[in-house]
Structures are given as structure tokens and as C-alpha cells.
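An overview of the molecular structure
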Amino acid sequence: KFMLNVVPNLQTGIDRVLGFYFNYCRERYSILLKRRAGFPQEKWTEDPILKAFRFTNVFREDDAMTIWFREHIREPLRDDARVLMAIIACRWFNKIETGEALRPLLLGNIWDQEIWRSELNKVKQRDGTICTGAYMIKTPAAMSKIDGILQCLWKAKQREEELLYGLTRSNLTQQQCWERLCTLDYIGGFTANEIIVDLTHTFFLENASDIMSWTNPGPGGAAGIGLLLYGDRKKFNRTKDSDRAEMINIMSVFLKASQEERYWPQDWPRFTLHTIQFNFCEIFKYMQGQAGFRLKRRYR
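Quick look at the structure, then.

1. Digging into the packing of aromatic side chains
- For the structure shown, the criterion picks out 24 aromatic pairs.
- For the pair Tyr29 and Trp268, a centre-to-centre distance of 4.9 Å together with 55° between the ring planes defines the contact as tilted. Taken together, the residues span a long stretch of sequence, with Tyr29 in helix α2 (residues 14-36) and Trp268 in the loop between α13 (241-257) and α14 (273-290) at a distance of 239 residues.
- Looking at Tyr29, the relative accessible area reads 7%, which means it is buried.
- The structure contains a cluster of three or more aromatic residues connected by ring pairs, namely Tyr21, Phe22, Tyr29, Phe59, Phe254, Tyr263, Trp264, Trp268, Phe271 and Phe280.

Here is the structure:
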């Protein structure tokens, strides 16, 4: 009944919608467990879409870049103010090989632009790219990716003291922090949310009051909510405050359902609202695959 009140135009049954969402999540997480247990690839899943194409893990902490970043930079700096700029820098590139090159600079608090440029050029010459292909990395026009990111990073570094002053408030919320990050050059709402999730694992936001009640719906997440609940990927405008509030309300219902054994095994890791949002993005891709669209990232 609560779901129907939240989504008055919902045509499908509540159990069917929640079941579809969590069936996907359970199968995707089961694949991860089987891989870790050493099962051969042909035993991971019978789902033809999950077998053929790449999907992000159910939990962001299980992704390769996040595992590397957590172990080598985020945890060593989790109680140090330097972790803020380290997170901003690493999420701007979001590539392990680039992180490896920058790790001594971040841990050593070395912010010499020419040293950074030299290290990034080495990565570019070796790998052909310094950034991930997972999401859009925007930089100033008519500048190389290296020069553009460095310019943005150095502008953010110049505002570090201002940012730290605002982020050390005892009652700081994720949303307030996100709004501050969105004022940085070329940090959009999506990237700012990625940074926020990392900050919840540090002293900055580990006790934020809205950890279980706020997230920023990304473009894929908004498309997934619209497609699954209304059959319309363009149902929600994620830049519109009222639409964001409605999506958060809907995601809160899914978060509550994740606490029920029938939807999600309670001895498995627990969901946050960020987890719900991330998986709506993957649900969108999964539904596209079911509809016969060719997805971008085929699994090898």
C-alpha cells in the first residue's frame, strides 16, 4: 500500500516490481560469490544477459577500482584531512593504473603540477588513457585531458581550506557536502555523489544523519526508476528538485524491502540508499538487454 501511495500510477504489482529488482541483485551478487569461490565461468549464471555483458557489482565496495582505492589510499588517510583531496583526485580519474602513479604524491601530500603532469604523461604513453571509461570525465574545452583535469584539480586544491572548514561541522549531512562539491569546476552531481560515497567511509561523513535517507539519482538511476516503475526512462528529470525528492522516496521503499529476507538474504551485506540508486542504473541496462538492445560492455 505504501508503494502505491508513493507511486499512484504504478501499473504492476508491488511484489512484481520489488521482485524483479531484487532478483537481479541476488543473481548479480551470486555471480560475485561464485567467482570468488573459484567456480568455472560457465557455472556462474544461466541468465543470458548477465552471462554476455558487464554489469557493476551490487556493492560499489566490491568494484576493482574501489577495492584498490580503499586499501591503498582511502583507509590509510581515512582520519586525515588530506583524504578529501585524495578522493577528489582519484575519482576524477577513476583508473587503478593512474591511481598507482599518483599514490606516492597523494600520500606524501606532494602537489607540484609539473610532477603530476609528468606522471600522468607516463600513464598516457603506456596505456593510451588516464581515465576510466565507466562514466563521463568532463574538462575545459580545447584542453588535453591531462591539462584539463590538472587545471580543475588545482582550482579545487586552492579551495581546500574553505571546503575543509565547511566539512568539519559536527552535524554535516551528505546533501550539504554534495552541494558544496558541486560548486567545484567541472564536478557535476554524478561525480560529486561518487565522492560523497567515499567520504561516508571516512571521519568526514561516517556519522552523517542522512546516510540512509539521501542520495543523488544519477542519469542511469533515474532512467532505471522511470523504466521499471512507469515504462518510461524519461519519466524523471533528475535536475528538478521535486523529481529528485520523488525518486528518493521511491528508493526508500526499496531500501526498506532490502531488509526483508524474501527480497535479500539478511546474512549478505546490507544496502544503503546509494546502493539502491547504483543498482537502478544497472537495472536500466539489464532491461535494455532484455528488450534486445545491444549493450556497450560485452563480458570477456
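2. Thoughts on empty space enclosed by the protein
- Applying the stated rule across the entire model yields 1 cavity of 30 Å³ or more.
- Considering only enclosed or pocket space, the largest cavity measures out at about 30 Å³ in volume.
- Contributing to the lining of the largest cavity are Arg82, Met85, Ala86, Leu106, Asn109, Trp111, Lys157 and Glu160.
- Looking at the lining of the largest cavity residue by residue, the classes come out as 4 nonpolar, 1 polar and 3 charged.

3. Considering the environment of Leu205
- Among the structural elements, Leu205 can be located in the loop between α11 (189-199) and α12 (219-230).
- It is 7.4 Å that separates the C-alpha atoms of Leu205 and Leu172, two residues lying 33 residues apart in sequence.
- Setting aside residues no more than four positions away along its own chain, Leu205 makes contact with Leu172, Thr173, Gln174, Cys177, Ile196, Leu199, Thr200 and Ile211.

4. Structural notes on unusual backbone geometry
- Even without a glycine there, the phi angle at Asn94 is positive, about 55°.
- Within the secondary structure, Asn94 sits in the loop between α5 (83-93) and α6 (96-107).
- A residue is classified by how much of its surface remains accessible, and Asn94, at 11% relative accessible area, is buried.
- Even without being glycine, Asn109 reaches a positive phi, approximately 55°.
- The topology assignment puts Asn109 in the loop between α6 and α7 (113-127).
- Residue Asn109 is classed as partly exposed on the basis of its relative accessible area of 39%.

5. Some remarks on the pattern of salt bridges
- One pass over the full model with this rule turns up 25 salt bridges.
- Here Asp127 makes a salt bridge to Lys95, at a shortest N to O gap of 3.9 Å. A residue pair is termed long-range when its members are at least 10 positions apart, and Asp127 in helix α7 and Lys95 in the loop between α5 and α6 qualify at 32 residues.
- Judged by relative accessible area, Asp127 falls into the partly exposed class, the value being 31%.
- On the basis of relative accessible area, Lys95 is assigned to the buried category, the value being 14%.
- Salt-bridge contacts for Asp147 lead to Arg117; the nearest nitrogen and oxygen are separated by 3.0 Å. With a gap of 30 residues between them, Asp147 in helix α8 (residues 145-158) and Arg117 in helix α7 connect regions that are remote in the sequence.
- Asp147 sits in the partly exposed class, given a relative accessible area of 28%.

6. Some thoughts on the nonpolar core
- In terms of nonpolar packing, the biggest core is built from 90 residues, with Tyr21, Phe22, Trp116, Leu153, Phe254 and Phe271 touching the most fellow members.
- Setting aside residues up to four positions removed in sequence, Leu153 forms contacts with Met85, Ile88, Ala89, Trp92, Phe93 and Trp116.

7. Looking at the layout of surface pockets
- Taken as a whole, the second largest pocket holds about 290 Å³ of empty space.
- Lining of the second largest pocket is provided by 13 residues; of these, Phe59, Glu61, His201, Thr272 and Thr275 occupy positions nearest its centre.
- Ranked by residue count, the leading element in the lining of the second largest pocket is α14, at 3 residues.
- A class-by-class count of the residues in the lining of the second largest pocket yields 5 nonpolar, 5 polar and 3 charged.

8. What to know about α14
- Between its first and last C-alpha atoms α14 spans 25 Å; for 18 residues at 1.5 Å apiece the expected length is 26 Å, and the two agree.
- Among the 18 residues that make up α14, 14 are buried, leaving the element largely enclosed by the rest of the structure.
- Backbone nitrogen of His274 and a side-chain oxygen of the N-cap are separated by 3.3 Å at the start of α14; the cap is Thr272.
- A positive phi of about 100° marks Gly292, the residue just after α14.

Calculation criteria
- Residues numbered from 1 in each chain as written.
- Predicted model: local features only at pLDDT ≥ 70, side-chain atom pairs only at ≥ 80, totals over all residues.
- Heavy atoms only, no water.
- Phe/Tyr/Trp six-rings, centres within 6.5 Å; stacked < 30°, edge-to-face > 60°.
- Helix = DSSP H or I, 4+ residues; strand = E, 2+ residues; numbered from the N terminus.
- Buried < 20%, exposed > 50% of the residue type's maximum accessible area, 1.4 Å probe, protein only.
- 1 Å grid on protein atoms, 1.4 Å probe; cavity = no way out; pocket = protein on both sides within 12 Å on 5 of 7 lines; lining within 4 Å.
- Points joined across faces, edges and corners; volume = space filled by probe spheres on them.
- Nonpolar A, V, L, I, M, F, W, Y, C, P; charged D, E, K, R; others polar.
- Contact = heavy atoms within 4.5 Å.
- Salt bridge = Lys/Arg side-chain N within 4 Å of Asp/Glu carboxyl O.
- Core = buried A, V, L, I, M, F, W, Y, C linked by side-chain atoms within 4.5 Å.
- Expected span 1.5 Å × (residues − 1).
- Polar contact = N/O pair within 3.5 Å; in protein donor to acceptor, adjacent residues only side chain to side chain.

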